[in-house]
Number of protein chains: 2
Amino acid sequence: MSAPTEGDFSSVRTIGIVGLGLMGGSLALAIRARWANVSILGVDRADVIARVLSSGAVDRAATEAAAVADADLVWLAAPVLQNVACLRAIADTAKHPILVSDLGSTKLAIVEASRSLPAHVTFIGGHPMAGGAQGGFGAARADLFRGRSWILTPDPSKPPATAALSRLQRFASAIDAEPVVMDPAEHDRVMAYVSHLPQLVASGLMRVIGPRVGADGLAVSGPGLADSTRLASSPARVWTEICQTNAAPLGAALDALIADLQQVRHQLDAPDAMAAWLESGARWRSQLPHTTSQASGADRVD
Amino acid sequence: MSAPTEGDFSSVRTIGIVGLGLMGGSLALAIRARWANVSILGVDRADVIARVLSSGAVDRAATEAAAVADADLVWLAAPVLQNVACLRAIADTAKHPILVSDLGSTKLAIVEASRSLPAHVTFIGGHPMAGGAQGGFGAARADLFRGRSWILTPDPSKPPATAALSRLQRFASAIDAEPVVMDPAEHDRVMAYVSHLPQLVASGLMRVIGPRVGADGLAVSGPGLADSTRLASSPARVWTEICQTNAAPLGAALDALIADLQQVRHQLDAPDAMAAWLESGARWRSQLPHTTSQASGADRVD
């Protein structure tokens, strides 16, 4: 049995994880590495489950209904709309008290869906700020969440689920992530800027640059372009559902960037205006975390 | 004496480098590491020169005029407009045959300036596709150019300077870069897309995101934003001069990106259109070089 400071899992015997790609798979590996006695039920397609079972990351394969019936705690780790659909199914199948969370990149849609859950199902949305350009269980790692923010978004329209929130906070701390509590709508607004906008810009850059310079132009490009567009390699399925569930905030973020690019487009030959424009970008960037490690190729940052 | 296949430096005794920041400093270190017998004259501000001399990267400090008088080969490695001014000064001071090249990020402005040089001064523009977010001699490294394209842009309006071009091509190969010959105007057009556009987008992202999410929002951001905006930390002075000397191609590149972002802005909740949009970006990105090394934090690419 784990001590409470290590994540209060003394009462948790069985965890279900629905979706065993990069995020869900890494969650399974992190739990396995931290709590040897917890049983993990995995839900995914047969071919994925076969691979995950053979790696030892989960104890047995289950259906969604079986995971909900047998687990004390279930994480939804599929694309965001699939998580919403799964949460709705849980409302019908959960017979005993259960805590449900998720790992999705947008939170308002699933928090709204959670309002129709029966009283014995407690849902608190979650979003660990970790990931990678390559998806799938093959890229999963037990330390994916180490040092990263793990955002939790309790529903502000419901009475505080203090014990459940506290359990998830301690869980995040125990696997070396940093729990952060946010309002779900504010989470989605902030993510539109810090996560979803850079994703679309990376794709847009490659769509615009590729056909205009061709293979020869891409061949002489440096590591700056590769780093700037790393996110463009992300799986499309994950991102279409993020865009669908965060369209209004993301539209506003795109409008703001378009306006700023239209401004700079008219001052390219004005060095004083350009210097001020570039320096304000550099000042904001100096406030980012995660800038101290080795970037691609020769270019070390900060 | 070096063998011809190792860069035909058998006739080169003295090299001048004007500007000893990241690029010029790395060039000095690369030459020093490869050819022990070549003497290197360095031109920069007194405080920079003092540091470079004490590192042993150059043999002695010189003025521009002295470097031109004493060297067989001079590289201009300052910001691009300073290189143009320096090239004009060389026209007045060069008394004997000399080969001049540069390391600047735009080529048409300096190639046009080179048309007023006297016949005994041969200029061929150069642009090694290497760099780093941190400028200055402190970040210089002998292997900065290893594996990178080293673009050379002979003036298409002049008779071919075959021997000089061949010497620079062999030099680039000898320090493990990959020489590529391009037309100067085509170079600037391609760079507007693969280098200058990502630079402005990185700055624009931080300018738009920073004030809208504040320090708390930046604090929860992941490594994707850090990688996407690495270029925003680049020195402003270098980039104001690049924008000034490539304003028209860069304006066209910005227009193309703005149009693509305006398109995607209106299809955020249309999953099929979004999937096609995102997948075309991923396809183009799969053609980039420099995507196989470790990016920031946990996110490995490809």
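All figures in this text were calculated on a predicted structure; none of them were measured in a lab. Residue numbers restart at each chain and count upward from 1, following the sequence in its written direction. Naming scheme: in the order in which they are written, chains are lettered from A and ligands are numbered from 1. Given that the model is predicted, a residue must reach a pLDDT of at least 70 before its local features are reported, and side-chain atom pairs must reach 80 or more before they are shown or counted; all residues, however, enter totals for whole chains, interfaces and linings. As a rule here, side-chain values cover all heavy atoms of the structure and leave hydrogens and water aside.

Moving on: the sheet that holds strand β9 (residues 178–181) of chain A. Residues and elements named next belong to chain A. Two strands pair under a simple rule: DSSP has to find at least two bridges between them. Here a strand is any run of E in DSSP of at least two residues, a helix any run of H or I of at least four, and the numbering for each starts at the N terminus. A sheet is described by the order of its strands in space; here three strands give the open sequence β7-β8-β9, paired in mixed fashion. Where the open sheet ends on each side, the last strands, each with one partner, are β7 (125–128) and β9. Each adjacent strand pair in this sheet contributes to an overall mean axis angle of 25°, direction not counted. Note that strand β8 (residues 149–153) and β9 share four bridges and pair parallel. Following the sheet pairing, Leu 152 is matched in β9 by Val 181. Every axis corresponds to a line fitted to the C-alpha atoms, with the helix fit spanning only the stretch in contact, and the corresponding angles, defined between N-to-C directions, vary from 0 to 180 degrees.

Interfaces are often sized by the accessible area lost when the parts come together. Contact definition: two residues touch when any of their heavy atoms are within 4.5 Å. Each partner contributes to the interface: chain A provides 99 residues, whereas chain B provides 99 residues. Once two parts are brought into contact, the accessible area they lose, counted with a 1.4 Å probe and summed over both, makes up the buried area. With both chains or domains summed, chain A and chain B bury close to 8,800 Å², and 66% of this area falls on carbon and sulfur atoms. Just to be clear on terms, a salt bridge is a Lys or Arg side-chain nitrogen sitting within 4 Å of an Asp or Glu carboxyl oxygen. The interface formed by chain A and chain B contains six salt bridges. Residue Arg207(B) pairs with Asp260(A) through a salt bridge whose shortest N-O separation is 2.8 Å. N or O atoms closer than or at 3.5 Å make up a polar contact, with two conditions inside protein: a donor-capable atom paired with an acceptor-capable one, and, for residues adjacent in sequence, both atoms drawn from side chains. The tally of links from chain A across to chain B stands at 17 residue pairs in polar contact (both at pLDDT 80 or more). Of all the elements in the fold, those that place two or more residues in the side of chain A that touches chain B are β8, α7 (184–219), α8 (223–228), α9 (236–245), α10 (247–265) and α11 (271–285) of chain A. Sort the elements by how many residues they give to the side of chain A that touches chain B and α7(A) lands first, with 25 residues.

Here the focus is the sheet that holds strand β3 (residues 60–61) of chain A. Residues and elements named next belong to chain A. Overall, parallel pairing links the six strands, which are arranged β3-β2-β1-β4-β5-β6 in an open sheet. One side of each edge strand has no neighbouring strand; the edge strands of this open sheet are β3 and β6 (121–123). In the sheet, strand β5 (residues 98–102) pairs with β6 via three bridges, with the strands oriented parallel. Within the sheet, the bridge partner assigned to Ile 98 lies in β6 and is Val 121.

Below, the discussion takes up empty space enclosed by the protein. Buried and open spaces are told apart on a 1 Å grid over the protein atoms alone, a cavity being a set of points where a 1.4 Å probe fits but cannot get out and a pocket being an open set with protein on both sides within 12 Å along at least five of seven lines. Residues with an atom within 4 Å of a point are the lining residues. Grid points are joined across faces, edges and corners, and a volume is the space filled by probe spheres set on the points. According to the stated counting rule, one finds two cavities of 30 Å³ or more in the structure shown. Its volume calculated, the largest cavity comes out at about 40 Å³. Around the largest cavity, the lining residues are Val80(B), Asn83(B), Val84(B), Asp102(B), Gly104(B), Thr106(B), Ala109(B), Ile110(B) and Thr245(B). Contributing elements (two or more residues each) for the lining of the largest cavity: α4 (80–93) and α5 (108–113) of chain B. When residues in the lining of the largest cavity are grouped by element, the largest group, three residues, is from α4(B). Here the second largest cavity defines a volume of roughly 30 Å³. As for the second largest cavity, its lining consists of Pro198(A), Val201(A), Ala202(A), Leu205(A), Ser228(A), Pro198(B), Val201(B), Ala202(B), Leu205(B) and Ser228(B).

With that out of the way, let us pick up the packing of α7(A) against helix α7 (residues 184–219) of chain B. Close contact between α7(A) and α7(B) brings their axes to 10 Å; oriented N to C, the two are set at 180°. Considered as vectors, α7(A) and α7(B) are oriented roughly antiparallel to each other. Looking at the contact of α7(A) with α7(B), its residues break down into 20 nonpolar, two polar and four charged. Angular relationships are summarised with four words: roughly parallel below 35 degrees, roughly antiparallel beyond 145, roughly perpendicular across 65 to 115, and oblique for the angles in between. Ten residue types, Ala, Val, Leu, Ile, Met, Phe, Trp, Tyr, Cys and Pro, are classed as nonpolar, four, Asp, Glu, Lys and Arg, as charged, and the remainder, Gly among them, as polar.

The geometry of an aromatic ring pair is captured by the separation of the ring centres together with the interplanar angle, meaning the angle of the planes. All names here are of chain A. Two rings from Phe, Tyr or Trp (for Trp, the six-membered ring) form a pair when their centres are within 6.5 Å of each other. A pair whose planes differ by under 30 degrees is stacked, one over 60 is edge-to-face, and the rest are tilted. Within the structure shown, the criterion is met by eight aromatic pairs over all chains. Taken together through their ring pairs, the aromatic side chains of Trp 35, Trp 75, Phe 145, Trp 150 and Phe 171 make up a single cluster. Here, a charge over a ring means that NZ of Lys or CZ of Arg falls within 6 Å of the ring centre while also lying within 35 degrees of the ring normal. Over the ring of Trp 35 we find Arg 34; its NZ or CZ atom is 5.3 Å from the centre of that ring.

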